[in-house]
Amino acid sequence: MPEKGQRTAVVTGGSRGIGRAICLALAMPDTHIYFNYFNPGDPEGEAEAAAETEKMVAQSKATASSQSVNVASEEEVNGFFDTIISETGRIDILVNNAGITRDSLLVRMKTKAWDDVIDVNLKGTFLCSRAAAKIMMKQREGRIINIASVVGVIGNPGQSNYVASKAAIIGLTKATAKELAPRGVTVNAVAPGFIETDMTAVLPQNVKDAFLAQVPLGRAGKPADVAASVAFLASESASYLTGQVIHVSGGMYI
C-alpha cells in the first residue's frame, strides 16, 4: 500500500523488459508504482516476473503494487484505475508501455492478429490515458508518457499491425497533448528502436543483423536507455515539453 504523500506512478506492462526498467527508473522513496502484467499463455510465469519487479523496486526504497490486467478490456482497466484512486486519490504519472507483436506479411496476416495488436497497443493506450486524464485534469497536473516505436515512423515489413498501432500512438500523443495542456497535463512519447528485450531475443539472427545494420551507433539499445528518457519526461525538468516524440534508437531515425 502507498504511504500518504507519495507520488503515484502507473506503468502498464511493468513485469519485465522495458516496463520493468521504467518502474526502476521511477523508483524513488517518494513514489509508489502501480503496474499491470498480463499473459494468458503463462499467467504463473508472468506473476512471478511481476513479483520480481516489486522486489527490485523495493530495493530502490520505493514501493510497488502489481495486478493482472488486460489493458484491452475497458472493464479491467477501469477497475484497475478505480483501485488506484481509492488507495491514493491521485495519479501523477502514467506510462503506457504494454504492447505485443503478431508479425506477418500483410497478405498472410490473420484478422485476429491485426485485432489483437491494435486492441492491446492502441486501444489499451487509449483506455488507460482516458482513465488517468480524468484524474489529472482535476489535479491540474500530470504526466502521460506513451511508448511508441521508431517503426511507427519509418515502417517495417512484416509488422503492418504493429507499425499501424505505434504510428497511431504518436498521433494520439499529439492530439491529447493539445487537449490536456490547458489543464497542466503533458503528454509525450518515447520511440525505441532495436532494444534488447524478450521480444527481440526470439528473432532470428539474420533479422537482428538487418536491424543493427540500420543503427548508426552500431549496437542494440538497453531497456535502461528507454527508461532514462521516460524518467526525464516524468520529471520537473520536462515541464515545458508536450506533444513531443523522443527517439531512443541509436540514430535509426535521423
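Here goes a summary of the coordinates provided. It should be emphasised that the depicted structure is a prediction, and the values quoted were computed from it without experimental measurement.

**Brief notes about the side chain of Asn188**
Mapped onto the fold, Asn188 is located in strand β6 (residues 185–192). Only 3.0 Å separates the side chain of Asn188 from the backbone oxygen of Leu241, close enough to count as a polar contact.

**Points about the packing of aromatic side chains**
Inspection of every chain in the model, using the stated rule, returns two aromatic pairs. Pairing Phe80 with Phe81 gives two aromatic rings, centres 5.7 Å apart and planes at 75°, and the pair type is edge-to-face. Here Phe194 and Phe211 contribute two aromatic rings whose centre-to-centre distance is 5.3 Å and whose plane-to-plane angle is 10°, an arrangement assigned as stacked. Pair noted here: Phe194 is in the loop between β6 and α7 (198–201) and Phe211 is in helix α8 (residues 205–212), with a separation of 17 residues, a long-range link. For Phe194, a relative accessible area of 9% translates into the label buried.

**Re the nonpolar core**
If you look at the biggest cluster of nonpolar residues, it comprises 35 residues, and the most contacted ones within it are Val10, Phe81 and Leu94. Those elements that place two or more of their residues in this core are α3 (74–88), α4 (111–139), α6 (160–180) and β6. Looking at this core, the element that brings in the most residues is α4, giving eight residues. Aside from chain neighbours lying at most four places away, what touches Phe81 is Val10, Ile91, Leu94, Cys128, Ala131 and Ala132. Of all hydrophobic cores here, the second largest spans 28 residues; its members include Ile33, Ala62, Ala64 and Val95.

**Some details on the packing of helix α1 (residues 17–25) against helix α2 (residues 43–59)**
Any two packed helices are characterised by how steeply their axes cross, that is the angle between the axes, and by the distance between the axes. For the pair α1 and α2, the least separation of the axes is 9 Å and the interaxial angle reads 25°. One finds that α1 runs roughly parallel with respect to α2. α1 and α2 meet at a crossing whose hand is right-handed. Every residue of α2 that contacts α1 at Arg20, Cys23 and Leu24 is listed here: Ala49, Glu52, Thr53, Met56 and Val57. Of the residues belonging to the contact of α1 with α2, the class tally is five nonpolar, one polar and two charged.

**Some remarks on the environment of Pro29**
Here Pro29 is to be found in the loop between α1 and β2 (31–37). Judged by its relative accessible area of 58%, Pro29 is exposed. For the pair formed by Pro29 and Thr63, sequence separation is 34 residues and the distance between their alpha carbons is 7.7 Å. In this structure Pro29 touches Gln6, Ser60, Lys61 and Ala62, once residues within four positions along its chain are discounted.

**Some points on the packing of α4 against α6**
Taken N-terminus to C-terminus, the directions of α4 and α6 make an angle of 15°; their axes are 9 Å apart at the nearest point. By the criterion of interaxial angle, the relationship of α4 to α6 is roughly parallel. As α4 runs across α6, the sense of the crossing is right-handed. Here Ala113, Trp114, Val117, Ile118, Asn121, Leu122, Thr125, Phe126, Ala133 and Met137 of α4 come into contact with α6, specifically with Ser160, Asn161, Tyr162, Ala164, Ser165, Lys166, Ala168, Ile169, Leu172 and Leu180. Looking at the contact of α4 with α6, its residues break down into 14 nonpolar, five polar and one charged.

Basis of the calculations
- Residues numbered from 1 in each chain as written.
- Predicted model: local features only at pLDDT ≥ 70, side-chain atom pairs only at ≥ 80, totals over all residues.
- Heavy atoms only, no water.
- Helix = DSSP H or I, 4+ residues; strand = E, 2+ residues; numbered from the N terminus.
- Polar contact = N/O pair within 3.5 Å; in protein donor to acceptor, adjacent residues only side chain to side chain.
- Phe/Tyr/Trp six-rings, centres within 6.5 Å; stacked < 30°, edge-to-face > 60°.
- Buried < 20%, exposed > 50% of the residue type's maximum accessible area, 1.4 Å probe, protein only.
- Core = buried A, V, L, I, M, F, W, Y, C linked by side-chain atoms within 4.5 Å.
- Contact = heavy atoms within 4.5 Å.
- Axes fitted to C-alpha atoms, helices over the stretch in contact; angles between N-to-C directions.
- Parallel < 35°, antiparallel > 145°, perpendicular 65-115°, else oblique.
- Left-handed = near helix turned anticlockwise from the far one by under 90°.
- Nonpolar A, V, L, I, M, F, W, Y, C, P; charged D, E, K, R; others polar.

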